[in-house]
Amino acid sequence: GAMATVGPRSFSAAEVRALCAQGACLVSCHRRVYDLSGFVQLHPGGEQLLRRRAGTDVSAALDGPPHRHSANARRWLEQYYVGEMEPGDEQVPPGGAGAAGGTGSGEGPGDVPGWCVGPTVSASNHCLFPQDLVDWQKPLLWQVGYLGEKYDEWVHQPVDRPIRLFHSDLLESLSKTAWYVVFMVWTPVVFYLSWVSYTSLAQGNTRLFSSFTTEYSIPVHKYYFPFIFLLGMILWSLLEYLIHRFVFHMKPPASNYYLITLHFLLHGQHHKSPFDSSRLVFPPVPASLVIGFFYGVLRLLLPEVLGLSVFVGGLCGYVIYDMMHYYLHYGSPKKGTYLYGLKAYHVKHHFEHQRSGFGISTRFWDYPFQTLIPEETFKKED
């Protein structure tokens, strides 16, 4: 934040309380103070949970339950570092006794001097972004290929800052998309093509297997349309899983500059900066090429109206997926709802389990492909 550029300053307990009373969300971890005001809405555990901890020491809470925070999450926290508690004021008294859920003096495995981090990450106090192997003042797309072996680890250490990909303003603007653009571009297409499919089926001359045999071909009635549409949506959900797992998460060979660059363009950028709101949905121009390709495949495989009906269901599935993906990053679903669970699941994919949890709009395909992110368990003696 802006405060961090001035260099660390010291905070008294009273000052932290006063700032929190004004609506800021400051927390401490051991002696270090963090300003989470800009982050609360994005917090996967929900804004309320974080607001309740405002002004407290969160060192114990980071280890859970309900959630043991990953090394990436602790690294993420460092971006909001603003200073130190004044000596003797380490534990800002919580709102209610013990609200921070644990000892304030910070015994335990997380007690690494100078960094609010578990034992897995070395203490690094010299810089807010210890993993900066690139120059953030310049476009990133042409730099990442030079990272070689370091690319895979670097790209999976998320940061909270916008990404510039291209030198050219035109290309840069084409690579960014507001979430509602996807909805505005593709929803009319879904409605129009649904109407075309339904009216074609209503003419009653669509038959299955007619290319092999006329005697045994099966007529396809117009009231089959919703089922064919639904089949398209189910096929999309499988495609979503397969593309995310095998294309977006291919591990580019360290020696191949171009494949690393391609990976960063397709998906690496989203893992590097998961909350860059202009890069959460697919830009319609490149999307239309991919969508056109799948339309062509379905037209080849199925009689025309049938192919179109499956296609339009798939397109509808895609629109729902892109809207959901945006919401999983930026929305605050209510605790206990389906979307709340999906949000926690998807954020774990970003911060901790990048080699599993590939389902986004549904976890369904993670089961048969055995890539489900395991539920967290906490032993009593923890």
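As the structure is a computational prediction, the values presented were derived from the model and not from experiment.

Analysis parameters
Residues numbered from 1 in each chain as written. Predicted model: local features only at pLDDT ≥ 70, side-chain atom pairs only at ≥ 80, totals over all residues. Heavy atoms only, no water. Helix = DSSP H or I, 4+ residues; strand = E, 2+ residues; numbered from the N terminus. Contact = heavy atoms within 4.5 Å. Areas by Shrake-Rupley, 256 points an atom, 1.4 Å probe, with all protein chains shown as cover. Buried < 20%, exposed > 50% of the residue type's maximum accessible area, 1.4 Å probe, protein only. Lys, Arg positive; Asp, Glu negative; His and termini not counted. Salt bridge = Lys/Arg side-chain N within 4 Å of Asp/Glu carboxyl O. Pairing = 2+ DSSP bridges. Axes fitted to C-alpha atoms, helices over the stretch in contact; angles between N-to-C directions. Parallel < 35°, antiparallel > 145°, perpendicular 65-115°, else oblique. Left-handed = near helix turned anticlockwise from the far one by under 90°. Phe/Tyr/Trp six-rings, centres within 6.5 Å; stacked < 30°, edge-to-face > 60°.

Caption draft 1: Representation of the overall build of the protein chain. For the protein chain, the helix and strand inventory stands at eleven helices and eight strands. In the protein chain, of all internal contacts separated by at least 6 residues, the share reaching a separation of at least 24 is 71%. For the protein chain, the computed accessible surface area is about 19700 Å², with 63% contributed by carbon and sulfur atoms.

Caption draft 2: Geometry of the side chain of lysine 343. Within the fold, lysine 343 resides in helix H11 (residues 338–351). Buried within the structure, lysine 343 lacks any salt-bridge partner; glutamate 47 is the closest side chain of opposite charge, at an N-O distance of 9.7 Å. Excluding residues that lie within four positions of it along the chain, lysine 343 makes contacts with Leu42, His43, Pro44, Leu328, His329, Tyr330, Gly331 and Pro333.

Caption draft 3: Spotlight on the pairing of strand S2 (residues 26–29). Here S2 shows two buried faces, one formed by Leu26 and Ser28 and the other by Val27 and Cys29. Connecting S2 to the next strand, strand S3 (residues 32–35), in antiparallel fashion are two residues, including histidine 30 with a positive phi near 55°.

Caption draft 4: Just the packing of helix H7 (residues 225–248) against helix H8 (residues 257–272), in detail. Two elements in contact, H7 and H8, have axes whose closest approach is 10 Å; the angle formed by their N-to-C orientations is 140°. Here H7 lies oblique to H8, going by the angle between them. Classified by chirality, the crossing of H8 by H7 is left-handed. Residues His244, Val247 and Phe248 of H7 lie in contact with H8, whose contacting residues are His263, Leu266 and His267.

Caption draft 5: Region of interest: the packing of aromatic side chains. Summed over all chains, the structure comprises 28 aromatic pairs. Each ring, one from tyrosine 192 and one from tryptophan 195, has its centre 6.4 Å from the other, and the planes form 35°; the classification is tilted. You can see tyrosine 192 and its partner tryptophan 195 sitting in helix H6 (residues 179–202), three residues apart, about one turn around the helix. Neither tyrosine 192 nor tryptophan 195 differs from the other in exposure class; each is exposed.

Caption draft 6: Here's a closer look at the pattern of salt bridges. For the structure shown, the criterion picks out twelve salt bridges. A salt bridge links glutamate 84 to arginine 32; its shortest N-O distance comes to 3.6 Å. Of the two residues, glutamate 84 sits in strand S4 (residues 81–85) while arginine 32 sits in strand S3, which places them 52 residues apart along the sequence. Overall, glutamate 84 belongs to the partly exposed group, its relative accessible area being 24%. Between aspartate 135 and lysine 138 there is a salt bridge whose closest N-O contact spans 3.3 Å. Linked by salt bridges that have partners in common, Arg32, Glu78 and Glu84 make up one network.

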